[in-house]
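# Close look at the chain arrangement
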Amino acid sequence: MSIETRFLGASGLQVPVLTMGTMTFGGAGRHAPMGHVQVDEATRMVDMCLERGVDFFDTADVYSQGLSEEILGQALGKRRQDALVATKLNGPMGEGVNDRGQSRHHIIAACEASLRRLGTDWIDLYQVHSVDERTPMEETLSALDDLVRQGKVRYIGCSNYSAWHLVKALSTADRRGLERYVSLQAYYSLVGRELERELLPASQDQGVGVLVWSPLAAGFLTGKQRRGEAPPAGSRRETTGDTGTMDAEQGFDVVDVLDGIAREHGVSIAQVAINWLLRRPGVTSVIIGARTPEQLQDNLDAASWELTAEEVARLDEVSARPLPYPYWHQLKMNRPRLRYTLADSGAPPA
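Read on for a plain summary of the structure. Just so we're clear, the structure is a prediction, and the values are computed from it rather than from any experiment.

### Quick word on the packing of aromatic side chains
Overall, the coordinates contain five aromatic pairs when judged by the stated rule. Here the aromatic rings of tyrosine 187 and tryptophan 213 are separated by 5.3 Å at their centres, their planes lie at 35°, and the arrangement is tilted. Taken together, the residues span a long stretch of sequence, with tyrosine 187 in strand β8 (residues 181-187) and tryptophan 213 in strand β9 (residues 209-213) at a distance of 26 residues. The exposure class assigned to tryptophan 213 is partly exposed, which follows from its relative accessible area of 27%.

Following this line, the structure appears as structure tokens:
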């Protein structure tokens with residue numbers, strides 16, 4: 001069965017609703033708890049994705065200090081032309097003071113290094129991994145624009161921005177006639193719905209596609225940990241802790257509902273959590289990661305079926321958090337005039 005594709009923001013590029021994340025590739029340094037996938041197993045995972053139509057692969061230079069990019073490049077090999085490759089820059093890649101951030105100096109050096117590690121002549125989506133308020137926005141966007149004009153990068157995006165940083169970047173690009181970000185990569189899950197407050201509405205309004213990372217909240221939404229239990233030994237949740245500001249008790253309530261729905265469909269809890277995200281307005285693609293081919297197969301299957309409207313409503317309700325001001329006031333006083341996800345966030349007024 002072919003997988004659904006969606007346009008990436010206002011661009012003409014279509015991407016699958018699932019993206020293969022490669023943070024588990026390499027297993028070095030601070031990324032060791034994520035996984036230790038090496039070339040042979042990575043190649044098998046890439047095969048599985050391409051067979052299912054999942055041709056979008058996401059990595060970053062800091063993942064295992066470049067090993068993730070190297071392994072992905074080797075796993076793709078001669079099939080590079082059949083894939084879309086996204087990578088990111090910003091974090092420290094050396095001991096020098098200029099070996100991080102989003103200066104023109106670092107962006108150009110980081111791009112050249114990523115191209116070498118990936119074994120490719122171009123990067124389909126080049127993303128800034130976080131915010132750099134020390135570098136003028138014009139400098140960052142101008143350097144990225146140059147890379148696009150040189151053919152080394154085809155599209156640019158950002159990750160982990162706040163809404164005002166995103167809109168500032170877009171307005172700067174428009175004012176200066178520079179390439180615009182076509183995507184925002186951000187955390188979003190049933191136990192982390194902060195994205196709905198500002199970033200999803202801003203992205204929809206501005207024509208920016210949303211790529212979701214950590215859809216399972218660092219493994220919490222697999223259901224492997226239940227109320228009153230410690231995280232499983234060796235799990236990502238045990239080694240890295242919670243993701244975001246999750247309310248633990250509400251989180252376990254969410255898992256209980258996920259479990260019931262999973263049993264009704266005969267699927268895993270993780271599939272239900274991913275399927276819910278695929279139904280959210282404004283989401284372009286959900287980034288799935290895996291330590292093993294078996295985990296990957298289960299995540300890929302999340303796009304092969306659909307939750308019912310009633311099941312979505314149950315998940316919306318159990319995961320809803322009280323809206324802070326001014327959102328509760330907007331919802332209470334002006335719901336008919338709201339266009340984007342705030343009106344459908346499932347959160348009651350505070």
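### Thoughts on the sheet that holds strand β3 (residues 18-21)
In any sheet, the strands associate via hydrogen bonds between backbone groups, in a parallel or an antiparallel arrangement. One closed barrel holds the eight strands; their spatial order is β3-β4-β5-β6-β7-β8-β9-β10, and the pairing between them is parallel. Between one strand axis and the next, the sheet turns through 30° on average, direction left out of account. Relative to β9, β8 runs parallel, the two being bridged by five bridges. Bridge pairing in β9 places serine 183 opposite glycine 209. Packing against the sheet, helix α4 (residues 137-149) makes contact with β6 (123-128), β7 (153-159) and β8, and its axis sits at approximately 150° to β7.

### Thoughts on the pairing of β9
Most of β9 sits inside the fold, with four of its five residues counted as buried. A crossover connection joins β8 to the parallel β9 through helix α6 (residues 199-206); in handedness this β-α-β unit is right-handed. Looking at chain direction, β9 and strand β10 (residues 283-288) are connected through three bridges and run parallel. From the neighbouring strand, leucine 211 faces β10, where its bridge partner is serine 285.

### Notes on the pairing of β10
Regular strands show a simple pattern: their side chains alternate between the two faces of the sheet. A large share of β10 lies buried, amounting to six of its six residues. One ladder, built from three bridges, connects β3 with β10; its direction is parallel. Bridging from a neighbouring strand, methionine 20 pairs with isoleucine 288 of β10.

### Some thoughts on the side chain of serine 114
Here serine 114 shows up in helix α3 (residues 104-118). The buried category is assigned to serine 114, whose relative accessible area is 0%. Apart from residues lying up to four places away in sequence, serine 114 is in contact with Asp61, Glu69, Thr87 and Ile123.

Parameters and conventions
- Residue positions within a chain follow its written sequence, with the count starting from 1.
- Two thresholds apply to this predicted model, a pLDDT of at least 70 for residue-level local features and 80 or more for giving and counting side-chain atom pairs, whereas whole-chain, interface and lining totals are computed over all residues.
- The side-chain values count all of the structure's non-hydrogen atoms but skip hydrogen atoms and water molecules.
- Two rings from Phe, Tyr or Trp (for Trp, the six-membered ring) form a pair when their centres sit within 6.5 Å of each other. Planes less than 30 degrees apart are called stacked, planes more than 60 degrees apart edge-to-face, and all others tilted.
- Helix and strand definitions follow DSSP, with helices as H or I runs of at least four residues and strands as E runs of at least two, each counted in order from the N terminus.
- Only protein chains enter the calculation, and the probe is 1.4 Å; a residue is then buried if its accessible area is under 20% of its type maximum, exposed if over 50%, and partly exposed in between.
- Pairs of strands are assigned from DSSP output, requiring at least two bridges between the strands.
- Each axis is a line fitted through C-alpha atoms, and for a helix only the stretch in contact is used; angles between axes span 0 to 180 degrees, taken between their N-to-C directions.
- Contacts are assigned to residue pairs with any non-hydrogen atoms lying within 4.5 Å of each other.
- For the handedness criterion, the strands are oriented away from the viewer, and a crossover whose path from the first strand over the helix to the second runs clockwise is classed as right-handed.

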